[in-house]
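So the chains spell out like this:
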Amino acid sequence: MAQAMGAVLKRALVGSRGKYLAFSVGFNKICTSRCQKQPQTLKNLSPNYPLAAVRENPDLNSFVFRTHTCGELRAVHIGQEVTLCGWVQYRRQDLFIVLRDFDGLIQIILPQEETAAQLKKILCDISLESVITVTGTVISRPSGQANPNMVTGEIEVRVQSAEVLNSSRKLPFETKELVKKSEALRMRYRYLDLRSSQLQYNLRLRSRMVMRMREYLCNLHGFVDVETPTLFKRTPGGAKEFVVPSREPGKFYSLPQSPQQFKQLLMVGGLDRYFQVARCYRDEGSKPDRQPEFTQIDIEMSFVNQASIQKLIEGLIEYSWPEEKGTITLPFPSITYAEAMGSYGVDKPDTRFGMKITDVSEVFRDADVSFLRDALGQPCGVVRSISVPKGVAYLKKKDLENLRELAKTQFNQDVTFVTLQPDGTWKSVLTKLLTDGEKSELCRAAGARVGDVLILTAGDPNTANAALGKLRLECATILESKGVALRDHNAFNFLWVVDFPLFLPKEGNPEELESAHHPFTAPHPEDAYLMCTEPQKVRSQHYDLVLNGNEIGGGSIRIHDMELQHYVLETVLKEDTGLLLHLLEALDSGAPPHGGIALGLDRLIALTVGASSIRDVIAFPKSFRGRDLMSNAPDLVSPEELSTYHIQVSQPAGSGEDTTQS
């Protein structure tokens, strides 16, 4: 048995080029954990060793060829013989190579003796990014040659034997961090891009946070991890869904936008507390913070109210938060939807900086400014403003013109600028139209000082707020591009936004209503009496969690009464209730009060690590257009394969696509 095993090990050590440099392998080979200074033999472990025991520092070298990772070696290892595996990142002449693995870098000194000429030739001839294993002795670097920029910079490994496990072709780009690569090239060769230390860090931090979330929910609070179906049916309203053909003619599955219905049905089934790391799908193209397929932390509870769910999520984020990102303060602040729109012009405000919207309508109520007075004369007409601190020094004429164009093209809003010059004078079309008293009152109401730039707009309050909210963010970007420290990129400002409207006017047909979020959200108890008379005024029990101006989660207390749910679907939203008959029957079968939330995992991780796009925290993301550039998906399917699903493809005129090729 021992001889057979020895033969297997020897064959495994033969390199891809047929070159083999033997090194001893014993059956009682020691394994040294990252967290252990003294080696521990495998035979000393009890046969009843508790596999479920929690290790503060995981053993990264169990079950593999290596004894250590490249990044864990330190001065305390000097004199030890180690075996390392990794990729050749750099080679300097015939002196040394730098070996890289997932954990870091280590310098490998090549032998210069004549007796080791064959070993030296192997290591000098291999191409960069080839995979090798080396065995050698950890030694101290010569005096004055330590590299303070490397965590392993005090030591190096003097190689004794090596093996080329696989050589690499010439790659389309270097994997070094400093080498600039287009995103399209990175995504086409994603398996190479994943070798970067930043992507490795992002994915490992993501894994660590998800594991902590599981611990918090399942181990500490008794949630049950349930996998819900991926093949489902079309859901009325909401985002566009991906359809999946079935073998039944004319019938299709849909990939779920979220497990919303399933988790409510689990509550009806008495599961009480549900959790899932859920894959979700929306056919909406791709944006920097969206993907056609994405992951959310999905949660649902029975016999719960809004405050309790918010407290649960605050604890969840605190428990899973990476130590290296500092501490977060609980509880998170909370504002209403109306307050968010009134002060920031958006329902996901970035509270890391000020520049809040102010109402200056009263200043112009009796002023001799006809276009503002006319706007105030309209139903609900207002004049709103934001004050850009030190804007005179940073907002140039071209910047102001771009801001004016942005407000006009996106919101059809005219804006007026007032630059408060350092000498106290005004530069604005309003200068000669306002009295000194009105000028002082405007500055007081807007919180403006000398050196600031005031931006004013008038009209419908919703449109005015939305326009100024956009300009507020644009001004912040302009100021930061010119060196102003406005938004602290190391700060994490969490915020709850509550009391959203339950319904909104339908786009394209404002006489009809659509759900502000989804049709299963319960109305606010204080507004329930309006459901039959003025549903457009009803607030919901919906809540969003915002981080630095980005929505990272949303949830609600659900409708658990069948009659109310039927009324919302059929009477208010005019939806086909037949599509949701299964849910209505479930609600009529003794459904408990319940509510939940879904956290966007991709977006949360991206904000945590400071990534500019969620594509940088997903192992294999889709492109901006929703394509997989590496495998060229989606791809064509032959007519023969489509016939199984009773489908024929009709190409748009002039597309030039050949449907006969798969």
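Model, not experiment: these values are computed from the prediction. (Residues numbered from 1 in each chain as written. Predicted model: local features only at pLDDT ≥ 70, side-chain atom pairs only at ≥ 80, totals over all residues. Heavy atoms only, no water.)

**Things to note about the overall build of the chain**
In terms of regular secondary structure, the chain is built from 17 helices and 22 strands. Burial analysis of the chain (662 residues in total) assigns 45% to the buried set. Long-range pairs, those at least 24 residues apart, make up 66% of the contacts in the chain between residues at least 6 apart in sequence. Accessible area for the chain stands at about 35100 Å²; split by element, carbon and sulfur atoms hold 52% of it. (Helix = DSSP H or I, 4+ residues; strand = E, 2+ residues; numbered from the N terminus. Buried < 20%, exposed > 50% of the residue type's maximum accessible area, 1.4 Å probe, protein only. Contact = heavy atoms within 4.5 Å. Areas by Shrake-Rupley, 256 points an atom, 1.4 Å probe, with all protein chains shown as cover.)

**Section: the pairing of strand β10 (residues 293–302)**
In terms of residue burial, β10 counts as a mostly covered element, since 9 of its 10 residues are buried. Direction of pairing for strand β9 (residues 273–281) relative to β10: antiparallel, over a ladder of 9 bridges. By the bridge assignment, Cys280 is partnered in β10 with Phe294. In terms of strand pairing, β10 meets strand β22 (residues 594–600) through 7 bridges, oriented antiparallel. Across the sheet, the residue bridging to Ile299 is Ile597, located in β22. (Pairing = 2+ DSSP bridges.)

**Digging into the packing of helix α11 (residues 397–411) against helix α13 (residues 461–481)**
Where α11 contacts α13, the two axes come as close as 10 Å, and the packing angle between them is 145 degrees. When you trace α11 past α13, the crossing you get is right-handed. Contacts from Asp399, Leu403, Leu406, Ala407, Gln410 and Phe411 of α11 reach α13 at Thr463, Ala466, Ala467, Lys470, Leu471, Glu474, Cys475 and Ile478. Residues that form the contact of α11 with α13 fall into these classes: 9 nonpolar, 2 polar and 3 charged. (Axes fitted to C-alpha atoms, helices over the stretch in contact; angles between N-to-C directions. Left-handed = near helix turned anticlockwise from the far one by under 90°. Nonpolar A, V, L, I, M, F, W, Y, C, P; charged D, E, K, R; others polar.)

**Considering the sheet that holds strand β1 (residues 81–92)**
Read around the barrel, 5 strands follow the order β1-β2-β3-β5-β4 and close on themselves; strand pairing throughout is mixed. Averaged over all pairs of adjacent strands, the angle between strand axes in this sheet comes to 55 degrees, irrespective of strand direction. Docked against the sheet, helix α2 (residues 117–125) engages β1, β2 (96–101), β4 (131–140) and β5 (155–166), running at close to 75 degrees with respect to β5.

**Comments concerning the pattern of salt bridges**
Within the structure shown, the criterion is met by 33 salt bridges. Salt-bridge contacts for Glu293 lead to Lys622; the nearest nitrogen and oxygen are separated by 2.5 Å. A residue pair is termed long-range when its members are at least 10 positions apart, and Glu293 in strand β10 and Lys622 in the loop between α16 (601–609) and α17 (639–643) qualify at 329 residues. Its relative accessible area of 24% is what places Glu293 among the partly exposed residues. (Salt bridge = Lys/Arg side-chain N within 4 Å of Asp/Glu carboxyl O.)

**Looking at a negative patch on the surface**
Residues Asp561, Glu563, Glu585 and Asp588 make up a contiguous surface patch of negative charge. Relative to the helices and strands, Asp588 is located in the loop between α15 (581–587) and β22. (Patch = residues over 30% accessible without salt bridge, like charges linked within 9 Å, V, L, I, M, F, W, Y side chains within 5 Å. Lys, Arg positive; Asp, Glu negative; His and termini not counted. Charge placed at Lys NZ, Arg CZ, Asp CG, Glu CD.)

**Digging into the nonpolar core**
Among the nonpolar cores identified, the biggest contains 50 residues, and Ile299, Ile313, Phe494 and Leu545 are the most heavily contacted of them. With 6 residues, the single largest contributor to this core is helix α5 (residues 197–221). With near-sequence residues (within four places) excluded, Ile313 lies in contact with Ile299, Trp496, Leu545, Ile597 and Leu599. One finds Val82, Val88, Leu123 and Ile132 within the second-largest nonpolar core, a separate group that totals 22 residues. (Core = buried A, V, L, I, M, F, W, Y, C linked by side-chain atoms within 4.5 Å.)

**Brief notes about a nonpolar patch on the surface**
Among the surface-exposed residues, Tyr191, Phe620 and Met630 lie close enough to one another that they form a single nonpolar patch of about 290 Å² accessible area. As for its position among the elements, Met630 is in the loop between α16 and α17. According to the relative accessible area criterion, Met630 is partly exposed, its value standing at 32%.

**Observations regarding the sheet that holds strand β13 (residues 382–388)**
Across the sheet, 5 strands lie side by side as β12-β13-β16-β14-β15; this open sheet has antiparallel pairing. Only two strands of the sheet have a single partner each, and these edge strands are β12 (358–359) and β15 (426–427). Strand direction decides the pairing type here: strand β14 (residues 415–420) and strand β16 (residues 453–459), joined by 5 bridges, are antiparallel. Counted as the bridge partner of Thr419 is Val453 from β16. Packed on one face of the sheet, α11 meets β14 and β16 and runs near 155 degrees to β14.

**Examining helix α6 (residues 260–268)**
For α6, every residue scored as buried is listed here: Gln260, Gln261, Phe262, Lys263, Gln264 and Met267. Each element contacted by the buried residues of α6 is listed here: β9, β10, α15 and β22.

**A look at α11**
For α11, which comprises 15 residues, the first-to-last C-alpha distance of 21 Å matches the rise-based estimate of 21 Å (1.5 Å per residue) to within 8%. Taken together, the buried positions of α11 are Asp399, Leu400, Leu403, Leu406 and Ala407. Each buried residue of α11 sits inside an arc of 120 degrees when the element is viewed along its axis, so together they form one side. Within α11, the exposed residues directed more than 90 degrees away from the buried face are Lys397, Lys398 and Thr409. (Expected span 1.5 Å × (residues − 1). Arc of directions from axis to C-beta.)

**Points about the packing of α5 against helix α7 (residues 306–320)**
Two elements in contact, α5 and α7, have axes whose closest approach is 8 Å; the angle formed by their N-to-C orientations is 135 degrees. Taken together, the axes of α5 and α7 lie oblique to each other. The interaxial crossing formed by α5 with α7 has right-handed handedness. Side by side, α5 and α7 meet where Met209, Arg212, Met213, Glu215, Tyr216, Leu217 and Leu220 of the first sit next to Leu312, Gly315, Leu316, Tyr319 and Ser320 of the second. (Parallel < 35°, antiparallel > 145°, perpendicular 65-115°, else oblique.)

**Observations regarding the packing of aromatic side chains**
Evaluated as defined, the whole model comprises 10 aromatic pairs. Consider the rings of Tyr189 and Tyr191, whose centres lie 6.2 Å apart with planes at 85 degrees: the pair is edge-to-face. Overall, Tyr189 belongs to the buried group, its relative accessible area being 15%. The exposure class of Tyr191 is partly exposed, given its relative accessible area of 40%. An angle of 50 degrees between the planes, with centres 4.5 Å apart, marks the rings of Phe232 and Phe262 as tilted. Taken together, the residues Phe232 in the loop between β6 (224–225) and β7 (243–245) and Phe262 in helix α6 connect sequence positions 30 residues apart. On the accessibility criterion, Phe232 (16% relative accessible area) is buried. Judged by relative accessible area, which is 15%, Phe262 ranks as buried. Three or more aromatic residues joined by ring pairs make a cluster, and in this case those are Trp321, Phe332, Phe492 and Phe494. (Phe/Tyr/Trp six-rings, centres within 6.5 Å; stacked < 30°, edge-to-face > 60°.)

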